[in-house]
Amino acid sequence: MAIADLDDTAAAVLGPLLRDTARVVETLCRPEQTYVCMWSHGRDARKHLHIAVQPVTAEVRARYGGLRSEQLQARMLASGAEPDITEVGQFCERARELFRATTTSAEVPS
């Protein structure tokens, strides 16, 4: 699977979904930057699609030697550091609330 393989319906949904996801991440994390990255891979050929929406703060960059972009992401993955599961759950609940509010406001005609 790759972005080029998306049908018209999936492509039309993806743009607003990525925008809304980035808005939620920015609201919750207040990062200096938000990365939106895509990887399409499998063992020998494209098999599935990963889309990452990642908040990047000065604190995160400092923790990983000031790296940016794919170098930062590679170092973060290689470190094996995992977030606290309780904090992940709390983040997810707050994100769900923001997504619900976004969906509800989008359904109300102006």
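Computed from a prediction, not measured in an experiment: that's the story for all the values here.

(A) Expanded view of the pattern of salt bridges. Counted according to the given criterion, the structure contains 3 salt bridges. The salt bridge involving R63 is made with E59; its shortest N-O contact spans 3.2 Å. One end of the pair is R63 and the other is E59, both in helix α2 (residues 58-63) and 4 residues apart, which spans about a single turn. Overall, R63 belongs to the exposed group, its relative accessible area being 51%. With its nearest N and O atoms 3.1 Å apart, the salt bridge here joins E93 to R96. Of this pair, E93 and R96 both sit in helix α4 (residues 85-107), separated by 3 residues, roughly a single helical turn. Overall, the relative accessible area of 40% leaves R96 in the partly exposed class.

(B) Up close: the nonpolar core. The biggest cluster of nonpolar side chains holds 7 residues, and these are Y35, C37, V56, V60, Y64, L67 and L72. The residues touching V60, leaving out its near neighbours within four places in the chain, are L72 and M76.

(C) Main features of the side chain of T34. With respect to the helices and strands, the residue T34 is situated in strand β1 (residues 33-41). A polar contact of 2.8 Å, which involves the side chain of T34, links it to the side chain of E26.

Conventions we followed
Residues numbered from 1 in each chain as written. Predicted model: local features only at pLDDT ≥ 70, side-chain atom pairs only at ≥ 80, totals over all residues. Heavy atoms only, no water. Salt bridge = Lys/Arg side-chain N within 4 Å of Asp/Glu carboxyl O. Helix = DSSP H or I, 4+ residues; strand = E, 2+ residues; numbered from the N terminus. Buried < 20%, exposed > 50% of the residue type's maximum accessible area, 1.4 Å probe, protein only. Core = buried A, V, L, I, M, F, W, Y, C linked by side-chain atoms within 4.5 Å. Contact = heavy atoms within 4.5 Å. Polar contact = N/O pair within 3.5 Å; in protein donor to acceptor, adjacent residues only side chain to side chain.

Function cannot be read off these values alone, since they describe shape.
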